[in-house]
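# An overview of the molecular structure
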Amino acid sequence: MTTLKKDQAYVLISSERLESLVKTNFMLGKSVLLFEYLCSRSRYPMYLSARAACEVLGIPQETLISCRQQRMIRPKIYRKQFLYNAYDLLALSLKLNQRNLQNALRRAPRVVVR
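All residue numbers here refer to positions counted from 1 along the written sequence of the relevant chain. Per-residue local features of the predicted model are confined to residues with pLDDT of at least 70, and side-chain atom pairs are confined, for both listing and counting, to 80 or more; whole-chain, interface and lining totals are unaffected and use all residues. Side-chain measures here rest on the full set of heavy atoms in the structure, leaving out hydrogens and waters.

## Observations concerning the overall build of the protein chain
Across its full length, the protein chain carries four helices and five strands. Secondary structure elements are defined from DSSP: runs of H or I of at least 4 residues count as helices, runs of E of at least 2 residues count as strands, and each element is numbered from the N terminus. Listing each helix as α and each strand as β along the protein chain from the N terminus yields β-α-β-α-α-β-β-α-β. The classification of residues rests on relative accessible area computed with a 1.4 Å probe and restricted to protein chains. Under 20% of the type maximum is buried, over 50% is exposed, and intermediate values are partly exposed. The 114 residues of the protein chain split such that 15% are buried. Sequence-distant contacts, at least 24 apart, represent 65% of the contacts inside the protein chain between residues at least 6 apart. Residue-level accessible areas treat just the shown protein chains as cover; the underlying method is Shrake-Rupley with a 1.4 Å probe. Accessible surface for the protein chain amounts to roughly 10,000 Å². Of this, 56% is attributable to carbon and sulfur atoms. Contacts between residues were defined by any pair of non-hydrogen atoms, one from each residue, lying within 4.5 Å.

## Examining the state of the cysteines
Note on disulfides: each one is a pair of cysteine sulfur atoms within 2.5 Å. In total, this model carries zero disulfides according to the counting rule given. Cys 67 forms no disulfide, and the closest cysteine sulfur to it belongs to Cys 54, at a distance of 9.4 Å.

## Structural notes on the confidence of the model for the protein chain
Known as pLDDT, the predictor's confidence for each residue is given on a scale from 0 to 100. In the predicted model, the protein chain carries a mean pLDDT of 80, and 87% of its residues have values of at least 70. Mean pLDDT per element in the protein chain: strand S5 (residues 110-113) is the minimum at 69, and helix H3 (residues 61-69) is the maximum at 93.

## Description of the pairing of strand S4 (residues 81-85)
Should DSSP find at least two bridges between two strands, the strands are regarded as paired. Across three bridges, the pairing between strand S2 (residues 47-49) and S4 is antiparallel. Residue Ser 49 lies in a different strand from S4, and its bridge partner there is Leu 83. Strand direction decides the pairing type here: strand S3 (residues 76-78) and S4, joined by three bridges, are antiparallel. If you follow Lys 76 over to S4, its bridge partner there is Leu 83.

## Focus: the pattern of salt bridges
Definition used for salt bridges: Asp or Glu carboxyl oxygen within 4 Å of a side-chain nitrogen of Lys or Arg. Inspection of every chain in the model, using the stated rule, returns one salt bridge. Notably, a salt bridge pairs Lys 23 with Glu 19, separated by 3.1 Å at the nearest N-O pair. Of the two residues, Lys 23 and Glu 19 both sit in helix H1 (residues 15-41), four residues apart, roughly one turn of that helix.

## Thoughts on helix H4 (residues 86-107)
The span you would expect from a helix comes to 1.5 Å times its residue count less one. The end-to-end C-alpha separation of H4 is 32 Å, in line with the 32 Å expected for 22 residues at 1.5 Å each. Every buried residue belonging to H4 is among Ala 86, Leu 89, Leu 92, Ser 93 and Leu 96, and all of these are buried. Burial along H4 is one-sided: seen end-on, the buried residues are contained in an arc of 115°. Nitrogen and oxygen atoms within 3.5 Å of one another constitute a polar contact, given that in protein one can donate a hydrogen and the other can accept it, and given that sequence-neighbouring residues count only through two side-chain atoms. Between a side-chain oxygen at the N-terminus of H4 and the backbone nitrogen of Tyr 87 the separation is 2.8 Å; the capping residue is Asn 85. Note that the arc is computed from the directions linking the helix axis to the C-beta atoms.

Structure below.
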């Protein structure tokens, strides 16, 4: 019995770009593990204000507000100020970057192999 294979789509990138992506992925993965370890060992949770969170993540404040409204991240309210857990900010950063990467891959030229 033979099975029909669907057309497979491939994205062409240079070998230098692939090497850079693999190295970056490895470093980010290790950084997340290190950060998670440090947060779990700390006696005091690490919180950032909305302005500091935007500065660290490199995103506009409107993006942080929309993420909060979509409940992608939940702040603590202390003295009428939103404070964000550093670990939650890291998870949000990964989600936002994953979306950016997926959008970039959708726009990349594709080759269909039959």
